[in-house]
Amino acid sequence: MSEQTKKRTAIVVGAGPVGLTAALTLKSRGISCAVIEADPEDRPRPGSRAIFLHNASLKLLESQYKGLGFTLARNGIVWPVKRTLYKGKEVYKKDYGITNTHDPHKLPPFTALHQDEIEGHIYEACMHAGVEFIWGTPVADCQTTSEGVTITTESGDVWEADYVIGADGGRSVVRNSVGLKFEGPRTQDTFLVVDLEEDEDNPLPLERIFHYQHPAMGGRNVMHVPFKGGWRVDLQLLENDDPEEFKDVEGVKKWLPKVMDSKYADRIKWVSSYRFHQVVANSFTDENHRVLLAGEAAHLFAPFGARGLNSGVPDAIIAVNGIEKALESKSDEERQKAIYASAKERRIAAKWNRDGSTTALHHLQGESPEMNMKREVAASLTAVAPKLGRWLDEGPYGPKFGPPELTTKY
Ligand SMILES: Cc1cc2nc3c(=O)[nH]c(=O)nc-3n(C[C@H](O)[C@H](O)[C@H](O)COP(=O)(O)OP(=O)(O)OC[C@H]3O[C@@H](n4cnc5c(N)ncnc54)[C@H](O)[C@@H]3O)c2cc1C
């Protein structure tokens, strides 16, 4: 080993929310680790990303670091009402009647806060736990042998580890270096995602609203989702729309007042346009079973159904479970088996989630005449068959149930 070579039992590449979760979990199990992150510590995290954490994610984070799930819940909100409209007519409404979301003994069904803040709270837990961070250091290469992993950074530093968790996002250098590939399609439709700051003196009611074929928006689908301190508005563009017309701030200022109070046109924080990937890596571990992929390094989904970060959290924890088991194993065969089992379990879950968000997209897009007809008939019959209103309400998020039963306990 050269003088410059640094060695840890485990290295996490990427300090996004999934890498932070992995590092916190490694630390809580007493496994020596470091996080190598390309950006500097004080980086801004621009853009609209996760705003919805499921109860299962809160429980998992709480189980790895006491108080973290409750901190996230306390700093987020629960919207108690969901409504669905079809061409201007309400077809479904549910009021959960939740008033107290800050019960110190029970985690809420979900919490809604911006990803910036989610990351901030997990990072704070990492700092308390004493996780080591190497900021401003992009990883350039990651090579494995049956003995371990060698990471080379862009600055030429060499790091060695028994195991690496690749949590370096959609363009993962770790994934590419070890020869793994994304498989799957990309959506044709463009979605605009706009984040708005709430007027705290005069806030809107906390309702998640999905509006199919909004009449004021020329029949485009529009979704409103509240989160702590703000609103997310998703606009699904039509096939022949020019995204440029809608997506700059001036464009948003023209259409937003058609779907919300005009004061929100002066409260725009982010506008992003997306065509979503629906991809899963061909394996979540390398041929030597020394690297595990987690989060967006392993899969990318359209956000309807909030499956990205909510599946990145268990990816990270189950990767650590595999590493812990591998470190305790008595033979190389047992070691490889432990890593393979983690990778396999999370790849099954990722494929399940991709299918779920594909179902949601299919429902949303209404591209097939059959789906269009189903939606139209359902909307016309909700007064006599309320179940159809529920179908319209749940469709844009895909199936509610999770992947096949987990084999790994945590
Ligand atoms: C519009 C939108 C809405 C969403 N809403 C939700 C939601 O409500 N709920 C949900 O669960 N998910 C949601 N998601 C998905 C969620 O944002 C992602 O799943 C999540 O950000 C993935 O986190 P990550 O840590 O895997 O990757 P990232 O957040 O991309 O982090 C990767 C990290 O790796 C670093 N990195 C990259 N390359 C290198 C390198 N070479 N060397 C070192 N470091 C590197 C990056 O700088 C970054 O810090 C949404 C996504 C979008 C786009």
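Being a predicted model, the structure only gives us computed values, none of them experimental.

Colleague: Explanation requested: the site of the ligand in the structure shown.
Modeller: Around the ligand, the structure places 33 residues, and the nearest of them are Glu 37, Arg 43, Gln 115, Leu 309 and Asn 310. Here an oxygen atom of the ligand sits 3.4 Å away from a polar atom, N or O, in the main chain of Pro 17. Within the contact set of the ligand, an oxygen atom lies 3.0 Å away from a side-chain nitrogen or oxygen of Arg 45. For the shell around the ligand, the secondary structure elements donating two or more residues are helix 1 (17-28) and helix 8 (308-328). Considering each element in turn, the shell around the ligand owes the most residues, three residues, to helix 8. Residue classes in the shell around the ligand are distributed as 17 nonpolar, eight polar and eight charged.

Colleague: Even after reading the chapter, I still don't get the domain arrangement of the protein, so can you show me in this structure?
Modeller: Buried accessible area, meaning the area lost when the parts come together, often serves as the stated size of an interface. Under the domain assignment used here, the protein contains domain 1 (6-54 + 113-185 + 278-360) and domain 2 (191-274). When each unit is reduced to the centre of its C-alpha atoms, the spacing between domain 1 and domain 2 is 32 Å. In this complex, domain 1 contributes nine residues to the contact, which on the side of domain 2 involves twelve residues. Both faces considered, domain 1 and domain 2 share a buried interface measuring about 920 Å² in area, 63% of it formed by carbon and sulfur atoms.

Colleague: Looking at this model, I keep getting lost on the packing of helix 3 (residues 68-75) against helix 4 (residues 115-129). Mind explaining?
Modeller: Packed helices, taken two at a time, are described by the angle their axes make and the gap between the axes. Relative to each other, helix 3 and helix 4 sit at 150°, their axes nearing to 10 Å. Compared by their axis directions, helix 3 and helix 4 come out roughly antiparallel. Once helix 3 is placed against helix 4, the crossing between them reads as right-handed. Contact residues: helix 3 offers Leu 68, Thr 71, Leu 72 and Asn 75, while helix 4 offers Glu 117, Ile 118, His 121, Ile 122 and Ala 125. Of the residues in the contact of helix 3 with helix 4, the class split is five nonpolar, three polar and one charged.

Colleague: Please clarify how unusual backbone geometry should be interpreted in this entry.
Modeller: The general pattern is negative phi for most residues beyond glycine and trans for most peptide bonds. Of note in this structure, His 289 is not a glycine but carries a positive phi near 55°. On the secondary structure map, His 289 appears in the loop between strand 17 (279-281) and strand 18 (291-293). Look at Ala 306: it is not a glycine, yet its phi comes out positive at around 55°. Within the fold, Ala 306 resides in the loop between strand 19 (299-300) and helix 8.

Colleague: Hey, could you run me through the packing of helix 10 (residues 369-381) against helix 11 (residues 386-394) in this one?
Modeller: Contact pair helix 10 / helix 11: the axes reach a minimum separation of 8 Å and the direction vectors enclose 135°. Classified by the angle between their axes, helix 10 and helix 11 sit oblique to one another. In the packing of helix 10 onto helix 11, the handedness of the crossing is left-handed. Side by side, helix 10 and helix 11 meet where Met 371, Lys 374, Arg 375, Ala 378, Ala 379 and Leu 381 of the first sit next to Leu 388, Trp 391 and Leu 392 of the second. Its residues placed into classes, the contact of helix 10 with helix 11 shows seven nonpolar, no polar and two charged.

Colleague: Explain the sheet that holds strand 19 to me, please; I cannot follow it from the model alone.
Modeller: Whether parallel or antiparallel, the strands of a sheet pair through hydrogen bonds between backbone atoms. The sheet built from three strands is open, its strands ordered 11-17-19 with antiparallel pairing. Looking at strand neighbours, the two that pair on one side only are strand 11 (182-183) and strand 19, the edges of this open sheet. Note that strand 17 and strand 19 share two bridges and pair antiparallel. For Val 280, the partnering residue across the bridge sits in strand 19 and is His 299.

Colleague: Looking at this structure, how should I read the sheet that holds strand 16 (residues 268-274)?
Modeller: An order of 5-4-13-14-15-12-16 is seen for the seven strands of this open sheet, with the pairing classed as mixed. Either end of the sheet is taken by a strand with one partner, and the two such strands are strand 5 (89-95) and strand 16. Averaged over all neighbouring strand pairs, the angle between strand axes comes to 10°, with direction disregarded. Relative to strand 13 (residues 207-214), strand 4 (residues 81-86) runs parallel, the two sharing six bridges. Across the sheet, Tyr 86 pairs through a bridge with Tyr 212, a residue of strand 13.

Each value, and the rule that gives it
Residues numbered from 1 in each chain as written. Predicted model: local features only at pLDDT ≥ 70, side-chain atom pairs only at ≥ 80, totals over all residues. Heavy atoms only, no water. Near = heavy atom within 4 Å. Polar contact = N/O pair within 3.5 Å; in protein donor to acceptor, adjacent residues only side chain to side chain. Helix = DSSP H or I, 4+ residues; strand = E, 2+ residues; numbered from the N terminus. Nonpolar A, V, L, I, M, F, W, Y, C, P; charged D, E, K, R; others polar. Domains from an automatic or database assignment. Contact = heavy atoms within 4.5 Å. Buried area = accessible area lost by both parts, 1.4 Å probe. Axes fitted to C-alpha atoms, helices over the stretch in contact; angles between N-to-C directions. Parallel < 35°, antiparallel > 145°, perpendicular 65-115°, else oblique. Left-handed = near helix turned anticlockwise from the far one by under 90°. Pairing = 2+ DSSP bridges.

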